[in-house]
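Residue-level structure breakdown
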Amino acid sequence: MQERPLEGLAAVVTGAGRGLGRAEALELARLGAAVVVNDFGRPGRDGSGEASSAPAEQVAEEIRATGGEAVAHTGDIADFSQARDLLTLATTHYGKLDILVNNAGILRDRMVFSMTEDEWDSVIRVHLKGHFNTTRFAAAHWRDRSKAAGGEKVYGRIVNTSSEAFLAGSAGQPNYAAAKGGIVGLTTSTALALAKYGVTANVICPRARTRMTEDVFAGFEQPAEGLDPLAPEHVAPLVGYLASPAAGRINGQLLVVHGGMVAVVERPRVQAKFDSKQDTFDYAELDAALTPHYAQRPAGETFAAAEVLGLKRG
């Protein structure tokens, strides 16, 4: 097995100043990649506070201290022009971009009947628009490289970050769950669009103890010894693998990862099918077909992969 499978490759990791993004940036560097460490640096998990270069600079310095290559970028990836600047930094500093890991996000939790317009818009902006912005410029870079090479395939990997809040539902996070569901759709669309250029795009649903999930895992204390089952370091190796040449046949996939477990999630399958005996359904026929079907399920049960994976909010 190659010890440094990402040797000679250049990566961008967003939201890499803390938590999952930091662990992912360190892992990519350990595997040989040169890394652009992006983090806007605001201290509040809701995106509040003064922006700071310190988180991104500190992680870049950690990488350099171990002999790796890293440069910091402190722009807001939810801003279209700043996302373009991030990708330009990678291509000018390292000569190319090979890997994009989208991780940046914020939380502004509230029940749907109390959520404000700004709480909705801000979460969608950072998570979903942020993923789109960086993906758009990375995709253009890889397409241009392929064209310059006479249509030959190039090396490109995208690893996006969704959440079990999308898979299993999360009552107090309609904005976050919607954004994370949108990221899955963005990923599968991107995977189809870029496959002909040699680029893959996959999405993970990680479960880890970070600044964003501190209340979710409040009842699960860290062990006194050994690696925390909820440590971000359990997630980072999968990101490194998906960014590697070994994962070249994996495209448009959704994987759940935490605590030494990886689950490959199937696309939705038809559970039941009903055909009208007329030209089209009317109310009575739908009532006769669907009501008995759902009467067999517990009241209030929602469609979710939680049934299959035993997942809870994360």
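The protein chain is annotated in an unreviewed UniProt entry as 3-oxoacyl-ACP reductase of Streptomyces sp. 900105755.

What follows concerns the overall build of the protein chain. Along the protein chain, the regular secondary structure elements total nine helices and eight strands. Counting the 314 residues in the protein chain, one finds 49% classified as buried. Only carbon and sulfur atoms are counted for the fraction: they give 53% of the accessible area of the protein chain, which is about 15,600 Å².

Here we come to the packing of aromatic side chains. The tally for this structure, following the rule as stated, stands at two aromatic pairs. Aromatic side chains Phe80 and Phe132 sit 6.4 Å apart centroid to centroid with 20° between the ring planes, which places their arrangement in the stacked category. Note that Phe80 is positioned in helix H3 (residues 80-94) and Phe132 in helix H4 (residues 117-148), a separation of 52 residues in sequence. With relative accessibility at 33%, the residue Phe80 sits in the partly exposed group. Against the face of Tyr155 rests Arg157, its NZ or CZ located 4.3 Å from the ring centre.

Compared with the 18 Å implied by 1.5 Å per residue over 13 residues, the 17 Å span of helix H8 (residues 283-295) between its first and last C-alpha is a close match. The set of residues buried in H8 consists of Glu285, Ala289 and His293.

Now for H4. Given a rise of 1.5 Å per residue, 32 residues ought to cover 46 Å, and the 44 Å separating the end C-alpha atoms of H4 matches this to within 8%. The sharpest bend along H4 comes to roughly 35°, located at Arg125.

Where a protein is soluble and globular, its nonpolar side chains tend to be buried together. Counting residues in each nonpolar core, the largest one holds 32 residues, and the members touching the most others are Leu28, Val35 and Val37. Counting only elements with at least two residues in this core, the list comes to strand E1 (10-13), helix H1 (19-30), strand E2 (34-38), helix H2 (54-65), strand E3 (70-73), strand E4 (99-101), helix H7 (236-242) and strand E7 (254-258). Contact partners of Val35, with chain neighbours within four places excluded, come to Ala11, Val13, Ala25, Leu28, Ala29, Ile63, Glu69, Ala70, Val71 and Tyr94. If you look at the next biggest cluster of nonpolar residues, it comprises 25 residues, including Ala34, Leu86, Leu97 and Ala138.

Applying the stated criterion to the full structure yields 14 salt bridges. Among the salt bridges present, the one from Arg145 reaches Asp98, with a minimum N-O distance of 3.7 Å. A residue pair is termed long-range when its members are at least 10 positions apart, and Arg145 in helix H4 and Asp98 in the loop between H3 and E4 qualify at 47 residues. The exposure class of Asp98 is buried, given its relative accessible area of 1%. Between Asp144 and Arg143 there is a salt bridge; the shortest N-O distance is 3.9 Å. Salt bridges sharing common partners tie together Lys96, Asp98 and Arg145.

Here is what the cut-offs are and how they apply
- Residues numbered from 1 in each chain as written.
- Predicted model: local features only at pLDDT ≥ 70, side-chain atom pairs only at ≥ 80, totals over all residues.
- Heavy atoms only, no water.
- Helix = DSSP H or I, 4+ residues; strand = E, 2+ residues; numbered from the N terminus.
- Buried < 20%, exposed > 50% of the residue type's maximum accessible area, 1.4 Å probe, protein only.
- Areas by Shrake-Rupley, 256 points an atom, 1.4 Å probe, with all protein chains shown as cover.
- Phe/Tyr/Trp six-rings, centres within 6.5 Å; stacked < 30°, edge-to-face > 60°.
- Lys NZ or Arg CZ within 6 Å of the ring centre and 35° of its normal.
- Expected span 1.5 Å × (residues − 1).
- Bend = angle between axes of the 7 residues up to and from the residue.
- Core = buried A, V, L, I, M, F, W, Y, C linked by side-chain atoms within 4.5 Å.
- Contact = heavy atoms within 4.5 Å.
- Salt bridge = Lys/Arg side-chain N within 4 Å of Asp/Glu carboxyl O.

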